[in-house]
Amino acid sequence: MTLRVLADSVLADGGVSGAVLAYLPSPARGVWQLGPFPLRAYALCIILGIIVAIWWGERRWRARGGQPGAILDVAMFAVPFGLVGGRLYHVATDWQKYFGAGGHPVDALKIYQGGLGIWGAVLLGGIGAWIGCRVYKIPLPALGDAVAPPILLAQAIGRLGNYFNQELYGRETDLPWGLEIYRRVGDDGQLDMMNGGSTGVVEKIVHPTFLYELLWNLLVVVLLVYVDRRFRIGHGRLFALYVAGYCFGRFFVELMRADEATRIAGIRINSFTSALVFLAAIAYFVFATKGRETPEQLQPGASPRPWPWQLRALRAAAAAPTEKSSGTGEFEKAGSAADAAETGTSAAELGGHPDGSENGSAKTNSGTAASDKG
């Protein structure tokens, strides 16, 4: 079934009138067998998102003056950490599915079946990126600003995997853009909503919350690119805006979700996480160093990087290249004068007489002659 059309029609005078609602269909399946190997749409979406994020992040990093290849180098640390962190957060917040009654603990390792918590992915992915930046001696805040829009775009692409898995949907609805959830069965005829194929039977029509989040992510990506070009912010503040923007939208999406989740005081734990992380991101944006890093600061080993929480040291490091640059000019002038004194080079030979004439040389010669005579 490609499209399910519901129509309330009334026959009158040989005509048909009524409201036609066209619900969104789910994919017939999310897994295809290539011989003994399963090809999973969820995994493909995650991989595609990572590739897009690295490619676009590399372009943005080089446009800022960074060294080519740095994004891929750091991604070798960040991506594995992020995948592990995302899975750990999901298992920790939905532990009943794996360790509760009727659960199978080994399923916690089956990441291909879906279930990545973005909060854990960003946290451990950030730690992996920090390790990579320390290894390659490049500033983490600047790298975060370069990859912020690409990461959010990757998240939007990853949400398509939830669509194929028929997961992360909301409460039932009769809105025109409601999503049809099909009953799926495996080759043995048993119910298998994750790996099976559609029977064409619609179990329910729900809010496509994965689609709401996808569209919100794309909107925030556009806003981040605009803010970055218009205001040229740096030092991790664009990354903070990415986190805040995502959390703002995720908070409201969580209110529409109907799937099982750990709750605190009747509220989904992800709603609490969204609110707290949003406040932390806004605080960083307000108090972090203003301005943007120079291309010189992005080079490996340009300056020692303080720890992220050492705000005063971070600001001093951000200002260091400017002070160093202005100081270098003064030192060069002083060095030239000292060299001239040591070698006996006259001011005229260095740049002419202050009044623009050549008398300085004549006066020096006259002085030398008088000295010889004396």
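Residues numbered from 1 in each chain as written. Predicted model: local features only at pLDDT ≥ 70, side-chain atom pairs only at ≥ 80, totals over all residues. Heavy atoms only, no water.

Student: Help me out: how do you make sense of a nonpolar patch on the surface in this one?
Tutor: On the surface, Trp32, Leu34, Phe37, Leu39 and Leu44 cluster together to form a nonpolar patch covering roughly 490 Å² of accessible area. Secondary-structure elements contributing two or more residues to the nonpolar patch are strand S3 (31-34) and strand S4 (37-40). Here Phe37 lies in strand S4. Relative accessible area serves as the criterion here: at 60%, Phe37 is assigned to the exposed category. (Patch = residues over 30% accessible without salt bridge, like charges linked within 9 Å, V, L, I, M, F, W, Y side chains within 5 Å. Areas by Shrake-Rupley, 256 points an atom, 1.4 Å probe, with all protein chains shown as cover. Salt bridge = Lys/Arg side-chain N within 4 Å of Asp/Glu carboxyl O. Helix = DSSP H or I, 4+ residues; strand = E, 2+ residues; numbered from the N terminus. Buried < 20%, exposed > 50% of the residue type's maximum accessible area, 1.4 Å probe, protein only.)

Student: Quick question: what am I supposed to make of the environment of Arg29 here?
Tutor: Among the secondary structure elements, Arg29 is positioned in the loop between strand S2 (15-23) and S3. C-alpha of Arg29 to C-alpha of Ala41: the two residues are twelve residues apart in sequence and 8.9 Å apart in space. Within polar-contact distance, the side chain of Arg29 engages the backbone oxygen of Val31 at 3.2 Å. (Polar contact = N/O pair within 3.5 Å; in protein donor to acceptor, adjacent residues only side chain to side chain.)

Student: I'm lost on the side chain of Ser271 in this one. Help?
Tutor: Following the sequence through the fold, Ser271 ends up in helix H8 (residues 269-287). Not counting residues within four places of it along the chain, the set of residues in contact with Ser271 comprises Phe251, Glu254 and Leu255. (Contact = heavy atoms within 4.5 Å.)

Student: Please explain the packing of helix H4 (residues 118-136) against helix H7 (residues 237-254) as it appears in this structure.
Tutor: A pair of packed helices can be characterised by two numbers: the angle between their axes and the separation between those axes. Packing of H4 against H7 brings their axes to within 12 Å, and their N-to-C directions diverge by 165°. If you check the angle between H4 and H7, you find them roughly antiparallel. Crossing angle aside, the handedness with which H4 passes H7 is left-handed. Mapping the contact onto sequence places Ile118, Trp119 and Val122 in H4 and Phe239, Tyr242, Tyr246, Cys247 and Arg250 in H7. (Axes fitted to C-alpha atoms, helices over the stretch in contact; angles between N-to-C directions. Parallel < 35°, antiparallel > 145°, perpendicular 65-115°, else oblique. Left-handed = near helix turned anticlockwise from the far one by under 90°.)

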